[in-house]
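Summary of structural features
One-letter residues, chain by chain:
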Amino acid sequence: MKRTAHSHFARCKRLTGLILLCVLPVWASAAELHVPAVVEAGQAFSIPLKDAGSGQATFYLVGPDHVMKRTVAFGSDLQIQSSDLRTAGRYQVILCDSSSCTSAIFEVKAAQPAHLSFFLHPSRVPVSTRDSIDATAFVFDQYFNLILTPAAVDFRITPASGAGFSREVSTRRGVAWMRMDSTPHEGRVQVTAALGSMEEARVIQQVAAEACGLRMKAVASGSMVTLETDPVRDCSGNALPDGTVVSFTKVDKAGKSTVDTPIKKGIARVQFSLDGRALISVACGVVLGNEVAVNGKL
Amino acid sequence: MKWGLVAFLAVATAALVAFAWLQSGGLKQHAMFSAATPEEAVHALMSEIQAHNYQQAYASLDRSSDTDLASFIRDVAGSDGSLRTYSSLQTAEVSPLHANGDQALVRVRMNWSSAVGSLDDVRDLRVLRDGSVWRVVWPKPAFSKVPLQVVSVNYLSWDVIGRNTSQKWGAQDVDTPKVRITSMNAISRPGRVVILGEVENEDTVPAYLNVNATLLKADGSAIDEEGSFDLISHVLLPKQVSPYRIDFPGVRMDAVKSVRMDARSLLVPASADPVIAVSDQAVSKDGLNRNVLKGELVNQSGRPVNIAQVLAAYYDNSGKVIWVSDGYVDQALMPQVPVPFAVDIPDDVAERMKNYRVIVNHYSRSSS
């Protein structure tokens, strides 16, 4: 409710500013306002009014996100506070005395880079995947104005193992981005966006891809057979994480038996009872492994 | 006048007594003790079970029944937080199979209503004559006992920590798991269109997923949107594959131009425990001559699974999923104890299927 009231108030202020913009220049005449064409955000400046005579006037500052009104006295310079110039954009100043109004326009540009917003996507990525990592950095000044002038953002990539590398990308309209492949090794990869003294680090987890060359072996134990996979790895040799489900299927004269079991310490293991000949197969997700034929005499 | 009033009071009293007798189950009791035929005896027993009068039901059994009261109650009312403990007997269809002067074999099809739908339990009961009445012989329930042992439970579990919705813009977050619909098939069934297939969790973290489908007309407008509801395994561990089935009742296939699929996943805490083996799966006919996929579930972990649901996908000779059916098991899965299951297969699917795959959904009272 409070927020709603506040936003209504802000809208009224904006509306007042617009009305002033439309109406006041009609009366504009004599006293000229000398303002700089471009001002850096948060930079205070003054408008000379010493030669404008004496008496009082009403001063309006109409900015992109606020309108300010105050009474000023001729004969001294008019100070525009830095707090009134924090938002980048087009500003208009209007000065009205008892008989006429005059106005001027100036631009507030973003100040020096002070903040980096950094997006790294995704947070997990399979190894050796082309164009799978997106890094995007937004450059802001201390008032969170997007800096539209080009700036060089340095993306530093530090894998868990192996040499790191960096890539410098210039911002376009405030945004610098790059896309890269995931490396062949699983693990944590830190990507840091840096500009001057500012740094924002994000972490991406490179994970094993699909299982590759899935194999199991059968170990006899009385009327039971224990099936155990070799360490389950992807095609780059990375171990699939523990908890990944491996499906074993046994077909014998009693029917079909299946067990979905998670990998523990790199391998999946399961035990079946045997009654005569049986054909046992293994799969991980959509990847099929080898088949083992066993008989009950094992 | 005086005699008229007396007669009225006598009739009214008799009517009230009769009403009270009926209300207190006197009719059922009468039926039980006047179980003049084997079917009546089974009907009376079912009435007592339906009314949760297990002691009276047990008392009505034939003395040759090789079961004690506790086992009988456990058999009919369930135990260990199983689905049967949350069910109630809705109907019981009784049909005689064989009878002679002193004994009979009667088939009873018990229909239990539960939160997940109705469950059928078909039993063939022996009924013996006991003087002027018939009594049911309740077979001794075969509860498997597992020798005392210590089972180490060291399966993985995943937790999600450090989530903060008030983080600043651009702050790091964790992506939702990547899931993929690996197959989709739209088929026409009597009175409905069915979308079925399989979905895989391709990620390295567990996923909670929902599969939704929208049927579209030729002009692109939606006919209907439905979700897979309980015909899917919602929690998928890494690289786990689940069948799904989405029903669109009242929709005709010729009205459907295309289907829009949507698999949505969430990153959730999960456990790789328990592992449930599905053994001795085979297609056969049940007592009602229906095609069923039968087998046994064996809970290989150390803690009980209260409710288990079997999901079965059937494939044709080209490997396409042609049907997905499910069935709940009304017994709890105690560690290492085989529990039978059976899921229906439509006749036309049974004719065409070349292969099948079964997975098990499980719900444990302590963890979910």
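It should be noted that the structure appears before, not after, this text.
Our focus in this paragraph is the overall build of chain B. Secondary structure summary: chain B contains six helices and 19 strands in total. On C-alpha atoms alone, chain B measures out to a radius of gyration of 27 Å, which is more than a quarter above the 21 Å that the 2.2 N^0.38 rule sets for 368 residues. Based on the C-alpha atoms only, the size of chain B along its principal axes is roughly 95 × 60 × 50 Å. Intrachain contacts of chain B at a sequence separation of at least 6 include 65% that bridge at least 24 residues. Here chain B has roughly 18900 Å² of accessible surface; of this, 53% comes from carbon and sulfur atoms.

Attention now moves to the sheet that holds strand β16 (residues 307-315) of chain B. Residues and elements named next belong to chain B. With antiparallel pairing, three strands are arranged side by side in an open sheet as β17-β16-β19. A strand with exactly one partner marks an edge of an open sheet, and here the two such strands are β17 (321-329) and β19 (355-363). Across the sheet, the mean angle separating the axes of adjacent strands is 20 degrees when strand polarity is ignored. In terms of strand pairing, β16 meets β17 through eight bridges, oriented antiparallel. When the sheet's bridge partners are listed, V310 is paired in β17 with G327.

Within the element layout of this structure, B:R357 appears in strand β19. At 2.8 Å, the side chain of B:R357 and the backbone oxygen of B:V241 are in polar contact.

Time to look at the pattern of salt bridges. Tallied over the full model, the rule gives 26 salt bridges over all chains. A:D252 serves as the salt-bridge partner of A:K250, at 3.0 Å between the closest nitrogen and oxygen. Residue A:K250 is classed as buried on the basis of its relative accessible area, which comes to 2%. Between B:D286 and B:R290 there is a salt bridge; the shortest N-O distance is 2.9 Å.

It is worth spelling out the state of the cysteines at this point. All names here are of chain A. Within this structure, the stated rule accounts for two disulfides over all chains. The disulfide that involves C96 links it to C101, with 2.0 Å between the sulfurs. Given an S-S torsion of about 110 degrees, the disulfide between C96 and C101 has right-handed geometry. Here C96 matches C101 in class, with each residue buried. Note on cysteine connectivity: C212 is disulfide-linked to C235, with sulfurs 2.1 Å apart. Its S-S torsion of about 85 degrees marks the bond between C212 and C235 as right-handed, since a negative value means left-handed. In this pair, C212 sits in the loop between β15 (198-207) and β16 (216-221) while C235 sits in the loop between β17 (224-229) and β18 (245-252), placing the two residues 23 residues apart along the sequence.

What follows concerns the interface of chain A and chain B. Across the boundary between the two partners, chain A contributes 36 residues, which contact 41 residues of chain B. Contact between chain A and chain B buries roughly 2900 Å² in total, counting both sides, with carbon and sulfur atoms accounting for 50%. Joining chain A to chain B, the criterion identifies one salt bridge. Mapped by element, the contributors of at least two residues to the side of chain A that touches chain B are β8 (113-121), β10 (133-141), β15 and β19 (255-262) of chain A. Of the residues assigned to the side of chain A that touches chain B, the class counts are 18 nonpolar, ten polar and eight charged. In this sheet, strand β14 (residues 276-285) of chain B lies alongside β19(A) in antiparallel orientation, the contact comprising two bridges. Its bridge partner being in β14(B), A:T258 is matched across the sheet by B:V278.

Note: strands within a sheet are paired through backbone hydrogen bonds, in either parallel or antiparallel orientation. The strand order β22(A)-β21(A)-β18(A)-β19(A)-β14(B)-β15(B)-β18(B) describes an open sheet built from seven strands, whose pairing is antiparallel. This sheet does not close on itself; its edge strands, each paired only once, are β22 (287-294) of chain A together with β18 (338-344) of chain B. In this sheet, neighbouring strand axes are inclined to one another by 20 degrees on average, regardless of whether the strands run parallel or antiparallel. Where β14(B) and strand β15 (residues 291-299) of chain B come together, eight bridges link them in antiparallel fashion. Bridge pairing in β15(B) links B:A277 to B:V298.

All names here are of chain A. Tracing the backbone through its elements, the reader meets L95 in strand β6 (residues 89-96). Overall, L95 belongs to the buried group, its relative accessible area being 3%. Sequence spacing of L95 and V139 is 44 residues, and the spatial spacing of their C-alpha atoms is 35 Å. Those residues within four positions of L95 in sequence are excluded, and the remaining contacts are L33, L49, A57, T58, F59, V72, F74, S100, C101 and T102.

The rules we used
Residues numbered from 1 in each chain as written. Chains lettered and ligands numbered in written order. Predicted model: local features only at pLDDT ≥ 70, side-chain atom pairs only at ≥ 80, totals over all residues. Heavy atoms only, no water. Helix = DSSP H or I, 4+ residues; strand = E, 2+ residues; numbered from the N terminus. Rg over C-alpha atoms; globule rule 2.2 N^0.38 Å. Contact = heavy atoms within 4.5 Å. Areas by Shrake-Rupley, 256 points an atom, 1.4 Å probe, with all protein chains shown as cover. Pairing = 2+ DSSP bridges. Axes fitted to C-alpha atoms, helices over the stretch in contact; angles between N-to-C directions. Polar contact = N/O pair within 3.5 Å; in protein donor to acceptor, adjacent residues only side chain to side chain. Salt bridge = Lys/Arg side-chain N within 4 Å of Asp/Glu carboxyl O. Buried < 20%, exposed > 50% of the residue type's maximum accessible area, 1.4 Å probe, protein only. Disulfide = S-S within 2.5 Å. Buried area = accessible area lost by both parts, 1.4 Å probe. Nonpolar A, V, L, I, M, F, W, Y, C, P; charged D, E, K, R; others polar.

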